[in-house]
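What follows is the residue order along each chain.
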Amino acid sequence: MDKIIKIEHLKKYFKDIKAVDDISFEVRKGELFAFLGVNGAGKSTTINILVGVLSKDAGECYVEDEPIAHIEKILPHIGIVFQNSLLDNKLSVYDNIKYRAINYELEKKTFLENLNFLCEQLELKPLLKRPLGKLSGGQKRRVDIVRALIHMPKILILDEPTTGLDPKTRHLVWNLIEKLQKERNLTVILTTHYMEEAANAHYVVIIDHGKIVAEGSPLDLKNQYAYDYLKMYRYDDKILTILDEEKIIYKKTSTYLEASFKDTEQAKEFISKYKDLIFDLEIVKGTMDDVFLNVTGKDLKQQ
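No experiment lies behind these values; they were computed from the predicted model shown.

Participant: Which residues make up the packing of aromatic side chains, and what values go with them?
Facilitator: Per the stated rule, a full pass over the model turns up eight aromatic pairs. Centroid distance Phe33 to Phe35: 6.2 Å. Interplanar angle 40°. Geometry classified as tilted. Ring plane angle 20° and centroid distance 6.3 Å describe the contact between Phe33 and Tyr203, whose orientation is recorded as stacked. Here Tyr203 lies in strand S9 (residues 203-208) and Phe33 lies in strand S3 (residues 32-36), a separation of 170 residues in the sequence. Relative accessible area serves as the criterion here: at 27%, Tyr203 is assigned to the partly exposed category. Through a chain of ring-to-ring contacts, three or more aromatic side chains come together here, namely Phe25, Phe33, Phe35 and Tyr203. The ring of Tyr256 carries the charged tip of Lys231 above its face, separated from the ring centre by 4.5 Å.

Next up, the structure:
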């Protein structure tokens, strides 16, 4: 895939705070790119520079080889769903979306076609005439998504798009995004607290204190930074002595014994060596939660 966004040695300081401290990365066309970090790590600052809300102190940002100095050429290709909604509660759903479409000078036919498609996918058609203020939080978030996609951009930026949403809304939103990626090669930049969303990304960048501390595919990151777990449901108690002797980290609960291993191969070797002492088991891969905690020492879910 060709790169659609390129950031080189980007810096943004606020007096003594290095919000973004010399970071570089690329985003490929059509991929789901996850940008992870606790609040204040530098994610939003980077995004705000990318879309022209903030100026940079140093470095370069390009969207389809266009420098962000030409932001007026870049913005028509980007849709943004901010963490805090920009919708007007006094207007109807239809008017909120229509006034956004006016900014892109969409022809009426194109606007109606896009609106019909998006509202059908997100089950918003019956709500178009309703005042936005009468909608639930999940329904409002779906309108946010339509507002960002009404001009069918090449890039969709999602800043915590599904925080606090009900499962149905999260399902509808991700089904739509996956459909647009498949049919229109939509590029998605995601910041999220939900590690299961990051686990579905093609590429992940973890930022902490303004610096990139890890990056790669979810599988590469899990292999490098997360342990695999051997869960033993039925076992001979002698296995506890063996774990102590081999200095293997483990925990014992009322229903299972869980031991940590560097990778699956190491876990399999242990199982083979002590197969006569383990009667019921499973190997569980490390998660993106484990990756984030091991890389930063922080729990993203608590932010």
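Additional details are given in the paragraphs that follow.
Participant: So what about unusual backbone geometry? Which residues, and what values?
Facilitator: The backbone phi angle of Glu64 is positive, close to 50°, even though this residue is not glycine. Structurally, the position occupied by Glu64 is in the loop between strand S4 (58-63) and strand S5 (66-67). One non-glycine residue, Lys247, lies in positive phi territory at about 55°. Note that Lys247 resides in the loop between helix H9 (238-245) and strand S12 (250-252). Classification of Lys247 by relative accessible area gives exposed; the value is 75%.

Definitions and limits used
- Residues numbered from 1 in each chain as written.
- Predicted model: local features only at pLDDT ≥ 70, side-chain atom pairs only at ≥ 80, totals over all residues.
- Heavy atoms only, no water.
- Phe/Tyr/Trp six-rings, centres within 6.5 Å; stacked < 30°, edge-to-face > 60°.
- Helix = DSSP H or I, 4+ residues; strand = E, 2+ residues; numbered from the N terminus.
- Buried < 20%, exposed > 50% of the residue type's maximum accessible area, 1.4 Å probe, protein only.
- Lys NZ or Arg CZ within 6 Å of the ring centre and 35° of its normal.

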